[in-house]
Amino acid sequence: MSLKEALLIALSAVRAHWLRSMLTMLGLIIGVSAVILLSACGQGVKNSVDARIETISNNITIVPKTADVPGAPAAQPLTEEDAGALLGAPDIATVTPAVSGSTGSTTVQSNTAQFLSGNIIGTTEDWITTTNRNLTAGTFFNQAQANSAAKVVVLGPTVARTLFGSDTPTALDQTVQINHVPFRVIGVMASYGQQSDNTVVMPLDTDRRYLIGHGIGSTGDNLNQITVQAPQQADVPAAMAEINHVLDARHHITDPRMRDFQIQSLGSRLQSFNQIVSLLVLFTPAVAGLSLVVGGIGILNIMLVSVTERTREIGIRKAIGATSSAILEQFLLESTVLAGFGGLIGVGAGIGLSLLVQRIAPAIDPASGALAGFSPVVSAMPIVVAFTISLAIGLIAGGYPAYRAARLRPIQALRYQ
């Protein structure tokens, strides 16, 4: 019997019991589509986070800390003089100082509502660029407003919605009070994560003049944070070495364990995150692939039933000259056809679900836009791997029933009732 004839017989067998065949293929359909969907979503999450963080991957954050040696001298604070000294380093492009406070006593309020526990940041006009933040309404404060300590603020989206409702542009030119000090709203920032969305940003000297000493911020010209930007990500290691050299000299530090500051690179965090996400991208579809095993068990079960139902047919075919290898080939081909159809339908379902998620994801949380940049990425490798595993499962699951069918003796098969 030719391969074409065997394939036609296999298709006839599937068509004759189409409902049973569909139920048998269901496990494979779910498994293949789940592998493709989860792989696409995992890669989409990775790309989305990379796109957000990569633009600031050359940022280096400096914060005060205590020395790692017990009994060390009192730590010196970071100051504006420290920030100014860093500007002369060759591998440092920009330096953005900031003071901040996020205590429970911080209250931001309008005439009709109030927001508790807002994080107040006093910084320079470069902060919006350095941190890669965007505005949905208004403008950020400029150098003239920063130099004159203008009483202006830019609100995070959560603060703006709480005080002025979902129509955040209505917040512009409104007055808010921060610990009973009035400020004019000149801008509203786009969403950047829950913690960042609770912020209120103002000029550094404004923070110092009106809020420092009133429960927010630090004292004098001390800073809570300095953000240093290297020209590009490749320059980050050199910039970090220059930061250590400059601040060690200014703070009279000879032992690295005695440092009263800590530097952190967002680029290294991005690499760590990518390693974690890469593991998840591999592990999650593998878990979903367990349903492929369930599908294989279904094929094994239905092929055993098929062998039992067609015992007399097997006996007749052997009596008229069919060889054991031909019977083996026939049943293996039938199980492979079942697995192949299940795999193809699963591929179509997986791609379709990925496109559906891509379309509806931005509409899930339109207010914050947290999923606006998320888009599942369908690639060829998961499709090929899932479909190949589906075919392999069909062959393996059909192997034992096909072997049983091939071993049947014609006389016993013909006598079977």
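As the structure is a prediction and not an experimental result, all values here were calculated from the model.

## Topic: the pairing of strand E14 (residues 261-265)
Thought 1: The alternating pattern of E14 places Phe261, Ile263 and Ser265 on a buried face and Gln262 and Gln264 on a face that is not buried.
Thought 2: Sheet topology note: the strand E1 (residues 59-64)/E14 ladder contains five bridges and is antiparallel. When the bridges of E14 are listed, threonine 61 appears paired with glutamine 264.

## Points about the pattern of salt bridges
Thought 1: Within the structure shown, the criterion is met by five salt bridges.
Thought 2: With a closest N to O distance of 3.1 Å, arginine 184 and aspartate 173 form a salt bridge. With arginine 184 in strand E10 (residues 181-189) and aspartate 173 in the loop between helix H6 (157-164) and strand E9 (175-178), the pair connects residues that are eleven residues apart, well separated along the chain.
Thought 3: You can call arginine 184 partly exposed: its relative accessible area is 37%.
Thought 4: The class of aspartate 173 is exposed, set by a relative accessible area of 56%.
Thought 5: Its salt-bridge partner being arginine 259, residue aspartate 248 comes within 2.9 Å of it at the nearest N-O pair.

## Quick word on the nonpolar core
Thought 1: By size, the foremost hydrophobic cluster in this structure holds 25 residues, and its most contacted members are Leu28, Val32, Ile299, Met303, Ile314, Phe331 and Ala405.
Thought 2: Counting residues per element, the ones that place at least two in this core are helix H2 (18-54), helix H10 (290-309), helix H12 (324-364) and helix H13 (380-407).
Thought 3: It is H2 that contributes the most residues to this core, seven residues altogether.
Thought 4: Residues Ile62, Leu204, Leu223 and Ile253 belong to the second largest nonpolar core, which totals 22 residues.

Calculation rules
Residues numbered from 1 in each chain as written. Predicted model: local features only at pLDDT ≥ 70, side-chain atom pairs only at ≥ 80, totals over all residues. Heavy atoms only, no water. Buried < 20%, exposed > 50% of the residue type's maximum accessible area, 1.4 Å probe, protein only. Helix = DSSP H or I, 4+ residues; strand = E, 2+ residues; numbered from the N terminus. Pairing = 2+ DSSP bridges. Salt bridge = Lys/Arg side-chain N within 4 Å of Asp/Glu carboxyl O. Core = buried A, V, L, I, M, F, W, Y, C linked by side-chain atoms within 4.5 Å.

These values are about where atoms sit, not about what they do.
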